[in-house]
Amino acid sequence: MNDTTAALRVDAERLRARFDALAAIGATGDGGVHRPALGQDHLRARQWFLDEGRAIGLDTHVDGAGNHSATLACGQAGAPALLLGSHLDSVRHGGRFDGALGVLAALEALQVVKEAGLELDTNLEAIDFTDEEGTHLGFLGSLAVTGALTADELGRPGSGVEVFQAALAGAELTDTSILSAARDPKTIAGYLELHIEQGNRLNAAVADIGVVTGIVGLRRQKVTYIGRADHAGTISMTDRLDAGQGAAGLMLAARGMVMTAFPDSVVNIGVIAFEPGAMNVVPERACLTLEFRAPVAEDLERLGVVLKSLVRAEAKSRNLEAEVEEVDGIQPVQLDQRAQGALAGAATRIGLKQIAMPSGAGHDAQAMARICPAGMIFVPSAGGFSHSAREFTEWDDCVNGANVLLQAAVGGL
Ligand SMILES: [Zn+2]
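Residues numbered from 1 in each chain as written. Predicted model: local features only at pLDDT ≥ 70, side-chain atom pairs only at ≥ 80, totals over all residues. Heavy atoms only, no water.

## Structural notes on the nonpolar core
Then, in step 1: In this structure, Leu22, Phe49, Leu84, Leu124, Leu192, Val404 and Leu406 are the most contacted members of the largest nonpolar core, which totals 55 residues.
Then, in step 2: In terms of residue count, the dominant contributor to this core is helix α4 (residues 100–116) (eleven residues).
Then, in step 3: Contacts of valine 404, omitting those with residues within four sequence positions, involve Ile209, Leu343, Ala346, Ala347, Ile350, Leu352 and Ile377.
Then, in step 4: The next biggest cluster of nonpolar side chains, apart from the first, holds 23 residues, and it includes Tyr225, Met257, Leu303 and Leu310. (Core = buried A, V, L, I, M, F, W, Y, C linked by side-chain atoms within 4.5 Å. Buried < 20%, exposed > 50% of the residue type's maximum accessible area, 1.4 Å probe, protein only. Helix = DSSP H or I, 4+ residues; strand = E, 2+ residues; numbered from the N terminus. Contact = heavy atoms within 4.5 Å.)

## Observations concerning the environment of alanine 361
Then, in step 1: As for its placement among the helices and strands, alanine 361 is situated in the loop between β13 (354–359) and α13 (364–368).
Then, in step 2: Beyond its immediate chain neighbours, meaning those up to four positions away, alanine 361 contacts Gln198, Ile215, Val216 and Arg293.

## Some words on helix α12 (residues 337–350)
Then, in step 1: Counted at 1.5 Å a residue, the expected span for α12 with its 14 residues is 20 Å, and the 20 Å between its end C-alpha atoms agrees.
Then, in step 2: Every buried residue of α12 is listed here: Ala339, Gln340, Ala342, Leu343, Ala346, Ala347 and Ile350. Along the long axis of α12, the arc covered by the buried residues comes to 160 degrees, so they all point the same way. Those residues of α12 that are exposed and aimed more than 90 degrees away from the buried face are Gln337 and Thr348.
Then, in step 3: Buried residues belonging to α12 abut β5 (188–196), β6 (209–215), β13, β14 (374–379) and α14 (395–411).
Then, in step 4: Measuring from the side-chain oxygen of the N-cap residue of α12 to the backbone nitrogen of arginine 338 gives 3.1 Å; that N-cap residue is aspartate 336.
Then, in step 5: Once α12 ends, the next one or two residues include glycine 351, with phi positive near 85 degrees. (Expected span 1.5 Å × (residues − 1). Arc of directions from axis to C-beta. Polar contact = N/O pair within 3.5 Å; in protein donor to acceptor, adjacent residues only side chain to side chain.)

## Observations regarding the coordination of the zinc ion
Then, in step 1: Only His87 (NE2), Asp98 (OD) and His195 (NE2) from the protein reach the zinc ion as donors, at distances of 2.0 to 2.1 Å.
Then, in step 2: In terms of primary sequence, the donors binding the zinc ion are separated according to H-x10-D-x96-H. Separated by 97 residues along the polypeptide, aspartate 98 in the loop between β3 (81–86) and α4 and histidine 195 in strand β5 bring together distant segments of the chain.
Then, in step 3: Look at histidine 195 and you get buried, because its relative accessible area is 1%. (Donors = N, O, S within 2.8 Å, 3.2 Å for Na, K, Ca; no water.)

## Comments concerning the pattern of salt bridges
Then, in step 1: A complete count under the given rule lists 21 salt bridges for this structure.
Then, in step 2: Ionic pairing is found between arginine 183 and glutamate 125, a salt bridge with its closest N-O pair at 2.8 Å. In this pair, arginine 183 is assigned in the loop between α8 (175–179) and β5 and glutamate 125 in strand β4 (residues 123–128), connecting sequence segments 58 residues apart.
Then, in step 3: For the salt bridge of aspartate 299 with arginine 302, the shortest nitrogen-to-oxygen distance reads 3.5 Å. Of this pair, aspartate 299 and arginine 302 both sit in helix α11 (residues 297–316), three residues apart, which is roughly one turn of the helix.
Then, in step 4: Judged by relative accessible area, arginine 302 falls into the partly exposed class, the value being 45%. (Salt bridge = Lys/Arg side-chain N within 4 Å of Asp/Glu carboxyl O.)

## Focus on the side chain of arginine 14
Then, in step 1: With respect to the helices and strands, the residue arginine 14 is situated in helix α2 (residues 12–23).
Then, in step 2: For arginine 14, a relative accessible area of 19% corresponds to the buried category.
Then, in step 3: Dropping the residues within four chain positions of it, arginine 14 is found in contact with Glu108, Gln111, Val112 and Glu115.

## Considerations on the environment of glutamate 298
Then, in step 1: Locating glutamate 298 in the fold gives a position in helix α11.
Then, in step 2: Distance in space between the C-alpha atoms of glutamate 298 and proline 332 is 9.7 Å, their sequence separation being 34 residues.

## A closer look at the pairing of β14
Then, in step 1: Within β14, six of the six residues are buried, which leaves the element mostly enclosed by the surrounding structure.
Then, in step 2: Residue alternation in β14 divides its side chains into two sets, Ala374, Met376 and Phe378 and Gly375, Ile377 and Val379, and both sets are buried.
Then, in step 3: Direction of pairing for β6 relative to β14: antiparallel, over a ladder of two bridges. Counterpart to glycine 210 in the pairing with β14 is phenylalanine 378. (Pairing = 2+ DSSP bridges.)

## Remarks on the packing of aromatic side chains
Then, in step 1: Scanning the model with the defined rule gives four aromatic pairs in all.
Then, in step 2: With 4.8 Å between their ring centres and 40 degrees between their planes, phenylalanine 19 and phenylalanine 97 make a pair best called tilted. Of this pair, phenylalanine 19 sits in helix α2 while phenylalanine 97 sits in the loop between β3 and α4, and the two are 78 residues apart along the sequence.
Then, in step 3: Owing to a relative accessible area of 2%, phenylalanine 97 belongs among the buried residues under this scheme.
Then, in step 4: Note on phenylalanine 97 and phenylalanine 392: the rings are 5.7 Å apart at their centroids and 85 degrees apart in plane angle, and the pair reads as edge-to-face. With phenylalanine 97 in the loop between β3 and α4 and phenylalanine 392 in the loop between β14 and α14, the pair connects residues that are 295 residues apart, well separated along the chain.
Then, in step 5: Of the residues examined, phenylalanine 392 reaches a relative accessible area of 31% and is grouped as partly exposed. (Phe/Tyr/Trp six-rings, centres within 6.5 Å; stacked < 30°, edge-to-face > 60°.)

## Let's talk about the domain arrangement of the chain
Then, in step 1: Along its sequence, the chain is organised into domain 1 (3–215 + 333–411) and domain 2 (217–330).
Then, in step 2: Summarising the inter-unit geometry, the C-alpha centres of domain 1 and domain 2 are found 34 Å apart.
Then, in step 3: The interface is formed by 14 residues belonging to domain 1 together with nine residues belonging to domain 2.
Then, in step 4: Across the interface of domain 1 and domain 2, roughly 910 Å² is buried in total on both sides, 46% from carbon and sulfur atoms.
Then, in step 5: Our count for the domain 1 to domain 2 interface comes out at zero salt bridges. (Domains from an automatic or database assignment. Buried area = accessible area lost by both parts, 1.4 Å probe.)

What follows is the structure, encoded as structure tokens:
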């Protein structure tokens with residue numbers, strides 16, 4: 001790399017202006033954004049991204065899975081693309097940095113390379129993946145690109161078939177178009193992603209950049225306890241078959257089991273609903289979602305088995321029925337050594353303090369690692385807060401991350 005290339009930096013003010021413009025789309029008024037995948041504000045954000053790409057002279061494209069891309073061609077016929085990206089969707093009432101920073105930094109990197117007139121060996125593609133957060137089906141866009149999604153999985157989205165199909169129709173997508181979005185790995189040189197850490201490791205280490213070594217795997221299950229609806233006043237406490245008690249027992253037991261038997265893993269029950277859902281009726285059904293994450297595949301598998309037996313044991317001890325349905329999941333991955341090296345080298349060139357660290361959150365890089373060298377960097381999250389309006393990253397840290405992404409991209413993998 002020559003000195004001119006090594007000296008390339010993002011335009012921090014331009015990046016900031018785009019960041020603020022994007023954060024206004026679906027803004028919740030308290031500093032956060034509400035852009036669930038394929039909702040109106042998410043679609044507006046994606047359109048805005050394409051418009052920005054076009055305005056700076058990039059080629060834009062939307063694939064069959066709804067992934068939005070802006071590409072800077074290198075001019076060499078048949079050259080593969082180095083993908084830089086993340087996602088523009090958010091969790092419900094999420095933060096304005098999660099995903100958005102990675103997509104905007106990618107766009108900025110392409111603009112800097114274009115304006116510098118740099119000749120690279122690869123096309124550069126800034127990509128915004130569909131439904132990273134799993135509003136309908138987690139990592140839908142990136143998994144579709146890898147060819148790993150199946151018609152079977154599309155048939156059981158977390159949001160339910162009707163809601164999912166309506167959302168797809170609103171974005172002019174279909175199951176068939178999603179399955180057609182798979183790309184030939186030979187056409188992809190690699191994938192690099194900048195993301196906020198969403199934890200406290202960088203703060204604890206007083207480091208600027210985290211070079212991600214691997215990403216935990218996760219699985220999601222829908223659990224339903226089935227009891228009997230009864231008059232809440234007339235049926236004695238001993239005679240009632242209260243489905244809610246199964247759910248409550250599982251919540252406590254799952255936490256205790258994971259903390260003692262799987263210290264590197266986590267479990268979460270984030271959604272729970274009672275039916276019929278009336279104050280004076282004993283719950284007949286309690287439906288909850290069980291999400292668990294583990295750093296290695298064997299632990300994830302074993303944890304799934306143990307949790308299932310826990311679900312059954314809690315049902316049995318209360319004379320309830322229990323059903324478990326697998327929703328979706330993703331295997332843990334180790335990220336590419338060369339990609340880690342390129343990102344670490346870039347951080348060193350810029351003079352930033354870095355650490356190597358695993359990711360406890362899932363990311364599109366995890367899916368992309370199946371088909372190409374994938375790498376990721378983190379920048380610090382103030383207080384470790386994320387998935388809420390409190391999510392915040394100092395602007396200097398955002399710029400640092402964008403510069404590392406740019407420098408790794410121009411250095412190549
Ligand atoms: Zn994210």
